[in-house]
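Descriptive analysis of the structure
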Amino acid sequence: MDIRVGFGFDVHQLVVGRPLWLGGVLIPHEKGCDGHSDADVLLHAICDALLGAAALRDIGFHFPNTDARWKGADSKDLLREVVRLLLERGWRVGNVDATLCLEQPKINPHIPEMVRVLAPILGVAEDCVSIKATTNEKLGYVGSENGANAYAVCLIQKK
Ligand code: MG
């Protein structure tokens, strides 16, 4: 069987007055991730893992933050486009495992909805999408609530 693995990482600043989109879900909070698109740090890490598995460069290559087309973009649309690029080359998603790292708010209550939103976009069953969350134990820029990190790995297989 032809299989590949991929890894993705992303970081965004957290600023007052931005909506907090994580895993395709809008989460009530006084701060949100800053960025050109909706700045969904978790989806960006998943996009990079998928692109990496297929050796298709990275999210900045496909969706440059200098391109007005992606200003305010819904990152679910970016993920849809990444999955389409993979399908075009004969790859389908096997599974995704991701970790979100931020101090506030608590993410665990929102994980089931993130999985419900992401599984159909990825074209997999819900038990093929794993999202985990951790704080940074108050250390560094994540711990001081100035930023959020996300990490993702995935497996893709030839159809
Ligand atoms: Mg990003």
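Residues numbered from 1 in each chain as written. Predicted model: local features only at pLDDT ≥ 70, side-chain atom pairs only at ≥ 80, totals over all residues. Heavy atoms only, no water.

Here the focus is the packing of helix H1 (residues 41–53) against helix H4 (residues 111–122). Relative orientation of the contacting elements H1 and H4 amounts to 30°, with a least axis distance of 13 Å. Taken together, H1 and H4 sit at an angle that is classed as roughly parallel. As for how H1 packs across H4, the hand of that crossing is right-handed. Side by side, H1 and H4 meet where Leu42, Leu43, Ile46 and Leu50 of the first sit next to Met114, Leu118 and Leu122 of the second. For the contact of H1 with H4, the residue count by class is seven nonpolar, no polar and no charged. (Axes fitted to C-alpha atoms, helices over the stretch in contact; angles between N-to-C directions. Helix = DSSP H or I, 4+ residues; strand = E, 2+ residues; numbered from the N terminus. Parallel < 35°, antiparallel > 145°, perpendicular 65-115°, else oblique. Left-handed = near helix turned anticlockwise from the far one by under 90°. Contact = heavy atoms within 4.5 Å. Nonpolar A, V, L, I, M, F, W, Y, C, P; charged D, E, K, R; others polar.)

Right, let's talk about the packing of aromatic side chains for a bit. Enumeration according to the criterion identifies two aromatic pairs in this entry. Ring geometry for Phe9 against Tyr151: centres 5.1 Å apart, planes inclined by 50°, an arrangement best described as tilted. Note that Phe9 is positioned in strand S1 (residues 3–16) and Tyr151 in strand S7 (residues 147–158), a separation of 142 residues in sequence. What makes Phe9 partly exposed here is its relative accessible area of 34%. Judged by centre distance (4.8 Å) and plane angle (85°), the ring pair of Phe63 and Trp70 falls under edge-to-face. Accessibility classification places Phe63 together with Trp70 in one group, the buried group. (Phe/Tyr/Trp six-rings, centres within 6.5 Å; stacked < 30°, edge-to-face > 60°. Buried < 20%, exposed > 50% of the residue type's maximum accessible area, 1.4 Å probe, protein only.)

These values are about where atoms sit, not about what they do.
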